[in-house]
Amino acid sequence: MTDANSTWRVAIVGSGPAAFYTAEALFKSGVDGVTVDLFDRLPVPFGLVRGGVAPDHQKIKGVVKVYDKIAANKGFRFFGNVCLGRDIQVEDLNAHYHQVVYAFGCESDSKLNVEGEDLAGVYAATDFVGWYNGHPDHRHHQFDLHNAKRVALVGNGNVAMDVARILLASPDELAKTDIAEHSLETLRKSTVEEVVLLGRRGPAQAAFSPKEIAEIAALPNADVVITKKDAAIDELSAAWLAKDGARSNQRNADFCTKQAELGEGEHPKKLRCRFLVSPTALHGQDGKLTSVSIDHMQLQADDSGTPRPRPTGESEQVPIDLLFKAIGYRGEPVPGVPFEDRKGIVPNEAGRVVEKLGGDVRVGHYAAGWCKRGPTGLIGTNSLDAKDTVAGMLADYEAQNLISPSKDDIAPLLAERAIDAVTWADWQRLDAWERKEGESRGKLRHKLTSIEELMTVIAELRNK
Ligand code: NAP
């Protein structure tokens, strides 16, 4: 319930981890009567927890229990199916709230910027992830998995691990999760046998978490194959590991060394980890990808001592059927919200939005999560990050350095514009419905994947 007399009304745009942790920090701020409205352009909450975390990682998805508790706070409201820039504008938020937090993440993908990137068979991992998770924006994608044997996967972060695992996992196991039906059908017909992971730096600098690569090695049908040459740790990396490397870097390096001892393995499917290679061109025939040219790299320390890849002058061409780019998410500009194009973020100083880097602070506007710091870190990273943003918000509240809204509750404006906003109670009914539908199909959840379907079922459940 929003208290029209509340002296601290906050709008948060987005409903993923950053948004919920921001709401939590606000409720824990000690200020009585703070109210928080979460807006999401989708009818469903949870951002990348619903649309990004892999369906076979249900333990990670279980974090929504924490968000449910935050939503149970009496000052909390959810406005799903309300898009900033389409249904409401920044001016509308300014008219109704004392503070506005942007927590809309990074919704697009980074580009490789090499020749042939537009060939058929070249995919963004972000699209694949959204597709197997039933995200409405990505349900239409087609992945030609039934005509492919060898797939290249560029980048070796945890998104690449998710993509590799889904490509190599048993569809029967995935069928028990909340994977989108359309994806399961395609994965059942997949002929992919080999995923070639292309990392531009060495094993010590691999971006995957030790747990994630170990999980692929533990798949019943697949081996992680690393040659001794690829697993080798060069002198620079050894010195860097000793001085600056994190524990996870050392664990990754050790994993690769051990894995190289195991050779090819006996399973039919393979994840081949290549290191110190970087794609320079993609080649095709009749518009369809057939191979990738890769430059061999060596590491050189940059000014800060961090090992960076530099071409050795050697290159090779690897025949492949498909290629997935898993080289990072990227933020997109939102109408009325400052945007820093180079980093793909909302420019800010410790969470306070600025008009441009080094520019004036936009009073009462803040950023949290990936759109604040870029697409890095695990879900929990957003909790600390949100606390940092809320510390600034609280200081500004205490100093009364706020937006001066001319109105209170935004709900009448949404009604006036005939926007069918989804409430938290709507979501709870849909959540129960998706779980029950899933149960009857032998899976954890049957996800609805189009906005129309979602809104139709939400409307039906309202009338029951
Ligand atoms: P990431 O961890 O930043 O990894 C990106 C990878 O792409 C790195 O290997 C990077 O290499 C490489 N790369 C970037 N530009 C490249 C280029 N032009 N050519 C070749 N390689 C390039 O990003 P992510 O995998 O998208 O993950 C985003 C965040 O979500 C991460 O913090 C990740 O841990 C988290 N996440 C966690 C989980 C989980 O816990 N299960 C699952 C998914 C995502 P360099 O290192 O050399 O830059």
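Remember, predicted model here, so these are calculated numbers, not experimental data. (Residues numbered from 1 in each chain as written. Predicted model: local features only at pLDDT ≥ 70, side-chain atom pairs only at ≥ 80, totals over all residues. Heavy atoms only, no water.)

Participant: I would appreciate a short explanation of the domain arrangement of the protein in the present structure.
Facilitator: How big an interface is tends to be expressed through the accessible area that disappears when the partners come together. One can read the domain layout of the protein as domain 1 (9-107 + 331-422) and domain 2 (108-329). Here the C-alpha centroids of domain 1 and domain 2 sit 32 Å apart. In this complex, domain 1 contributes 19 residues to the contact, which on the side of domain 2 involves 19 residues. Regarding the contact of domain 1 and domain 2, the summed buried area is about 1500 Å², with carbon and sulfur atoms giving 52% of it. (Domains from an automatic or database assignment. Contact = heavy atoms within 4.5 Å. Buried area = accessible area lost by both parts, 1.4 Å probe.)

Participant: What exactly am I supposed to notice about helix α9 (residues 181-188) here?
Facilitator: Side chains three or four residues apart in an α-helix point the same way, a direct result of the helix having 3.6 residues per turn. Inspection of α9 places S183, L184 and L187 among the buried residues, and these make up the whole buried set. Axial view of α9: buried residues confined to an arc of 100 degrees, hence all on one face. Looking at the buried side of α9, the elements it contacts are α6 (125-132), α7 (158-168) and α8 (171-174). (Buried < 20%, exposed > 50% of the residue type's maximum accessible area, 1.4 Å probe, protein only. Helix = DSSP H or I, 4+ residues; strand = E, 2+ residues; numbered from the N terminus. Arc of directions from axis to C-beta.)

Participant: Looking at this model, I keep getting lost on the pattern of salt bridges. Mind explaining?
Facilitator: A side chain of one charge can pair with a side chain of the opposite charge if their charged atoms are brought near each other. In the structure shown here, the tally under the stated rule is 40 salt bridges. Measuring nitrogen to oxygen at the nearest pair gives 3.1 Å for the salt bridge that ties K176 to E173. R274 is the salt-bridge partner of D230, the closest N and O atoms lying 3.8 Å from each other. You can see D230 sitting in helix α11 (residues 228-231) and its partner R274 sitting in strand β10 (residues 269-274), a full 44 residues away along the chain. Within the structure, one salt-bridge network assembled from shared partners comprises R50, D431, E434, R435 and R445. (Salt bridge = Lys/Arg side-chain N within 4 Å of Asp/Glu carboxyl O.)

Participant: Explain the environment of D420 here, please?
Facilitator: Along the chain, the position of D420 falls in the loop between α16 (411-416) and α17 (424-440). For D420, a relative accessible area of 35% puts it in the partly exposed group. Distance in space between the C-alpha atoms of D420 and A246 is 48 Å, their sequence separation being 174 residues. Setting aside residues up to four positions removed in sequence, D420 forms contacts with G80, N81, M455 and R462.

Participant: Explain α7 to me, please; I cannot follow it from the model alone.
Facilitator: Of all 11 residues making up α7, 9 are buried, and the element is well covered by its neighbours. Taken residue by residue, α7 has A160, M161, D162, V163, A164, R165, I166, L167 and L168 as its buried positions.

Participant: What is the right way to look at the site of the ligand in this model?
Facilitator: Residues in contact with the ligand amount to 22 residues; listed here are only the nearest, N156, N158, R200, R201 and G377. In this structure, N156 approaches the ligand through a side-chain N or O atom, which is 2.9 Å from an oxygen atom. The contact in question runs from an oxygen atom of the ligand to an N or O atom on the side chain of R201, over 2.8 Å. In isolation the ligand exposes 910 Å². Once the protein is present, 78% of that is buried. Considering each element in turn, the shell around the ligand owes the most residues, 3 residues, to α7. In terms of residue class, the shell around the ligand is built from 10 nonpolar, 8 polar and 4 charged. (Near = heavy atom within 4 Å. Polar contact = N/O pair within 3.5 Å; in protein donor to acceptor, adjacent residues only side chain to side chain. Areas by Shrake-Rupley, 256 points an atom, 1.4 Å probe, with all protein chains shown as cover. Nonpolar A, V, L, I, M, F, W, Y, C, P; charged D, E, K, R; others polar.)

Participant: Explanation requested: unusual backbone geometry in the structure shown.
Facilitator: Excluding glycine, residues mostly have negative phi values, and the peptide bonds linking residues are mostly trans. A positive phi angle, close to 65 degrees, is found at N81, a residue other than glycine. Considering the arrangement of structural elements, one finds N81 in the loop between β3 (76-79) and α5 (90-96). When its relative accessible area of 13% is taken as the criterion, N81 is described as buried.

Participant: What is the right way to read the pairing of β10 from this model?
Facilitator: Look at any regular strand and the pattern is simple: side chains alternate between the two faces of the sheet. Where strand β8 (residues 194-198) meets β10, 5 bridges bridge the pair, whose relative direction is parallel. Each bridged residue has a counterpart across the sheet, and for V195 the counterpart in β10 is L271. (Pairing = 2+ DSSP bridges.)

Participant: What is the right way to read the packing of aromatic side chains from this model?
Facilitator: The geometry of an aromatic ring pair is captured by two quantities: the separation of the ring centres and the angle between the planes. Overall, the coordinates contain 23 aromatic pairs when judged by the stated rule. Aromatic pair Y102 and F104: ring centres 5.8 Å apart, planes at 45 degrees, arrangement tilted. For the pair formed by Y102 and F104, the shared burial category is buried. Relative to Y132, the ring of F128 has its centre 5.3 Å away and its plane inclined at 90 degrees; by these criteria the two rings are edge-to-face. Taken together, the residues F128 and Y132, both in helix α6 and 4 residues apart, mark about one turn of the helix. One exposure class covers both F128 and Y132, and it is buried. Grouping aromatic residues by their ring pairs yields a cluster made of F20, Y21, F46, Y67, F76, F78, W424 and W427. (Phe/Tyr/Trp six-rings, centres within 6.5 Å; stacked < 30°, edge-to-face > 60°.)

Participant: Explanation requested: the sheet that holds strand β13 (residues 307-319) in the structure shown.
Facilitator: Hydrogen bonds between backbone atoms are what pair the strands of a sheet, whose relative direction is either parallel or antiparallel. Strand order in this open sheet of 3 strands is β11-β12-β13, and the pairing throughout is antiparallel. The open sheet has two free edges, formed respectively by β11 (277-285) and β13, since each of these has just one partner strand. Taking each pair of neighbouring strands and ignoring which way they run, the sheet shows an average axis angle of 20 degrees. As judged from the 10 bridges shared by strand β12 (residues 288-301) and β13, these two strands associate in the antiparallel manner. Within β13, the position partnered with A301 by the bridge is P307. This element, helix α12 (residues 235-243), spans β12 and β13 of the sheet and lies at about 65 degrees to β12. (Axes fitted to C-alpha atoms, helices over the stretch in contact; angles between N-to-C directions.)

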